[in-house]
Amino acid sequence: MAGDVPRRTDHVVIGGGQAGLVASWHLQRAGRDHVVLERRESLGGGWQDRWDEFRLVGPAWTTSLPGVPYDGDDPDGFMRRDEVVARMARYAGAIGAPVALGAAVETMRPTDAGWRLETSQGPVDARAVTVATGGFHRPYVPPVGDAVPAAIHRLHSQDYRREADLPDGGVLIVGTGQTGTQLAEELMDAGREVFLCVGHAGRAPRRYRGDDIFVWMRRLVEEGPAVGVELPTVVQLPDPAMRVAGNAQLSGHKGGHSPDLRALGRDGAHLVGRLESGDGGRCRLGGDLAQTLDQIDRFFEEGVQQLLDAFIEASGMDAPPAEPPVTADFAPEPVDQLDLEDAGIGTVLWATGYRQDLGWIDAPATDAMGFAIQDRGVSPLPGLSFLGGLWQHDMTSSTLVGIERDGRLLADRLGLAA
């Protein structure tokens, strides 16, 4: 590992996170000469970009990867950031992945013999390339962010590390997916006054019919096809923009739980509508907060729950009956405007997700939204493939739950399967 970048190799894998390492495992089993290029100076992938108190949303057993299953003493616990980073680094060592660190790919283009990559350590020629840069590329701040006065401290969740780094005052968190809700709880526990611009990410239970929700996700991924019950695929999405929707509200903190926005409001958080526009620190808010909260509460029941119940029935499993969802009895007062200075807000924290950034591929490899054009990871461009991308196949493709399946299927498509 941590070797030099070769000038020529059969196969280049771009990205040294879990997707890139899974690709390397398959390439090694097939005896293919390859190198894994990682732009960071250390192993651990994008997990290194998380904040100090981050915990894995899925149980520790989800860090099982091909050839090296999880072997810790707390499979149902929720690993801290540094534990996840260390786990990925150990996996790279265990499989002997030929990783070149500090090797950023600046551009790549097709050639008659394959692909030419220009990297921070010089050019590389390869017959084939697998792009395994994950699903979260460029931190996204909506255009309304320009309306926040310069006097207000502004940062994206990727740049947040700890509460003590923030200036005095309240914190306005924009976005209530997994990151936004977890940060809201953390900041409230630290004594901060928190304002939450509520988005449309739904709420999911930590446990359902006797098992953690991630157990059910893994069963759908691995066993669902055999009984005819599968997660919706990317081609079944009614709107391609849904690929960048926030992940359902779940947390690995406090022993693992399902955050409840209504409970946060009851306990002191200021729940407000979507941030629509702003002028001089006065923000105009969406007026559909009540309907949005109702939609969030119905998310699981109207979607995933039906799939899980269908899977349980089709597979003949003996699972306990579903328990009714529990939400706090709280309805926030509607607010149509928020003056940041009058509210004492010192920080705006954007928990608004990411956008794709594959523009460094100098070839027609992406669609209008910047997503890779591919079928189960294989690009129509000769020699190009993808692994670990956001909604590459379904909602689990960029997660630890789906990466083993997608890696196995890609290996088969590329003729790497042993």
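Residues numbered from 1 in each chain as written. Predicted model: local features only at pLDDT ≥ 70, side-chain atom pairs only at ≥ 80, totals over all residues. Heavy atoms only, no water.

*Asks:* I tried to follow unusual backbone geometry on my own but got confused; where do I start?
*Replies:* Here R209, not a glycine, exhibits a phi torsion of approximately 45°, which is positive. Inspection of the secondary structure puts R209 in the loop between β11 (207-208) and β12 (211-212). Non-glycine residue K254 carries a positive phi angle of around 55°. Tracing the backbone through its elements, the reader meets K254 in the loop between α4 (213-227) and α5 (261-266). (Helix = DSSP H or I, 4+ residues; strand = E, 2+ residues; numbered from the N terminus.)

*Asks:* What is the right way to read the packing of α4 against helix α8 (residues 400-413) from this model?
*Replies:* Between α4 and α8, the shortest axis-to-axis distance is 9 Å and the interhelical angle comes to 15°. Taken together, α4 and α8 sit at an angle that is classed as roughly parallel. Viewed along their axes, α4 and α8 form a crossing whose handedness is right-handed. Here F214, M217, R218, V221 and E222 of α4 lie close against α8, whose contacting residues are L400, V401, R405 and R408. (Axes fitted to C-alpha atoms, helices over the stretch in contact; angles between N-to-C directions. Parallel < 35°, antiparallel > 145°, perpendicular 65-115°, else oblique. Left-handed = near helix turned anticlockwise from the far one by under 90°. Contact = heavy atoms within 4.5 Å.)

*Asks:* Looking at this model, I keep getting lost on a negative patch on the surface. Mind explaining?
*Replies:* On the surface, D73, D74, D76 and E83 cluster together to form a negatively charged patch. Looking at D74, the relative accessible area reads 42%, which means it is partly exposed. (Patch = residues over 30% accessible without salt bridge, like charges linked within 9 Å, V, L, I, M, F, W, Y side chains within 5 Å. Areas by Shrake-Rupley, 256 points an atom, 1.4 Å probe, with all protein chains shown as cover. Salt bridge = Lys/Arg side-chain N within 4 Å of Asp/Glu carboxyl O. Lys, Arg positive; Asp, Glu negative; His and termini not counted. Charge placed at Lys NZ, Arg CZ, Asp CG, Glu CD. Buried < 20%, exposed > 50% of the residue type's maximum accessible area, 1.4 Å probe, protein only.)

*Asks:* It is not clear to me how the pattern of salt bridges should be interpreted in this structure. Could you clarify?
*Replies:* Any two side chains of opposite charge can pair if their charged atoms end up close together. One pass over the full model with this rule turns up 26 salt bridges. A salt bridge links D52 to R162, with the nearest nitrogen and oxygen atoms 2.7 Å apart. Residue D52 is found in the loop between β2 (34-38) and α2 (81-95), and its partner R162 is found in the loop between β8 (153-156) and β9 (170-174); the two are separated by 110 residues along the sequence. Here R162 falls in the partly exposed class, since its relative accessible area comes to 35%. Residue R116 is joined to D125 by a salt bridge in which the shortest nitrogen-to-oxygen separation is 2.6 Å.

*Asks:* Just checking my understanding: could you explain the packing of helix α1 (residues 18-29) against α8 for this structure?
*Replies:* Between two packed helices, the angle of one axis relative to the other and the distance separating the axes together describe the packing. Between α1 and α8, whose axes approach to 10 Å, the crossing angle comes to 35°. For the crossing formed where α1 meets α8, the hand is right-handed. The segment α1 lies against α8, with Q18, A19, V22 and H26 engaging L400, I403, G407, R408 and A411. Per-class residue counts for the contact of α1 with α8 are five nonpolar, three polar and one charged. (Nonpolar A, V, L, I, M, F, W, Y, C, P; charged D, E, K, R; others polar.)

*Asks:* What exactly am I supposed to notice about the state of the cysteines here?
*Replies:* Following the criterion strictly, the structure yields zero disulfides and no others. Not part of a disulfide, C197 finds its nearest cysteine sulfur in C283, a span of 7.3 Å. On the basis of relative accessible area, C197 is assigned to the buried category, the value being 2%. (Disulfide = S-S within 2.5 Å.)

*Asks:* Help me out: how do you make sense of the sheet that holds strand β16 (residues 337-339) in this one?
*Replies:* Backbone hydrogen bonds hold the strands of a sheet together, and the pairing may be parallel or antiparallel. Taken together, the three strands give an open sheet; going across it, the order is β14-β15-β16, and neighbouring strands pair in antiparallel fashion. A single partner strand is all that each edge strand has here, and the edge strands are β14 (275-279) and β16. The mean angle between the axes of side-by-side strands here comes to 25°, regardless of whether they run parallel or antiparallel. (Pairing = 2+ DSSP bridges.)

*Asks:* Would you mind going over α2 with me for this structure?
*Replies:* For the α-helix, the turn length of 3.6 residues means that residues three or four positions removed from each other point alike. Along its 15 residues, α2 runs 22 Å from first to last C-alpha, staying within 8% of the 21 Å computed at 1.5 Å per residue. For α2, the set of buried residues is R81, V84, V85, R87, M88, Y91, A92 and I95. In an axial view of α2, the angular spread of the buried residues amounts to 160°, which keeps them on one side of the axis. Summarising the geometry of α2, the exposed residues directed more than 90 degrees from the buried face are R90 and A94. Packed against the buried residues of α2 are α1 and α8. (Expected span 1.5 Å × (residues − 1). Arc of directions from axis to C-beta.)

*Asks:* Looking at this structure, how should I read the environment of E341?
*Replies:* With respect to the secondary-structure elements, E341 resides in the loop between β16 and β17 (345-350). Residue classification places E341 among the exposed positions, given a relative accessible area of 71%. Spatially, the C-alpha atoms of E341 and I403 are 45 Å apart, while their sequence positions differ by 62 residues.

*Asks:* What am I meant to see in the sheet that holds strand β10 (residues 194-197) here?
*Replies:* The strand order across the open sheet formed by five strands is β8-β17-β9-β10-β13, and the pairing between neighbours is parallel. The open sheet has two edge strands, β8 and β13 (270-272), and neither has a second partner. Ignoring which end each strand starts from, the neighbouring axes of this sheet average 20° apart. Both β9 and β17 contribute to a ladder of five bridges, which runs parallel. Counterpart to G170 in the pairing with β17 is I345.

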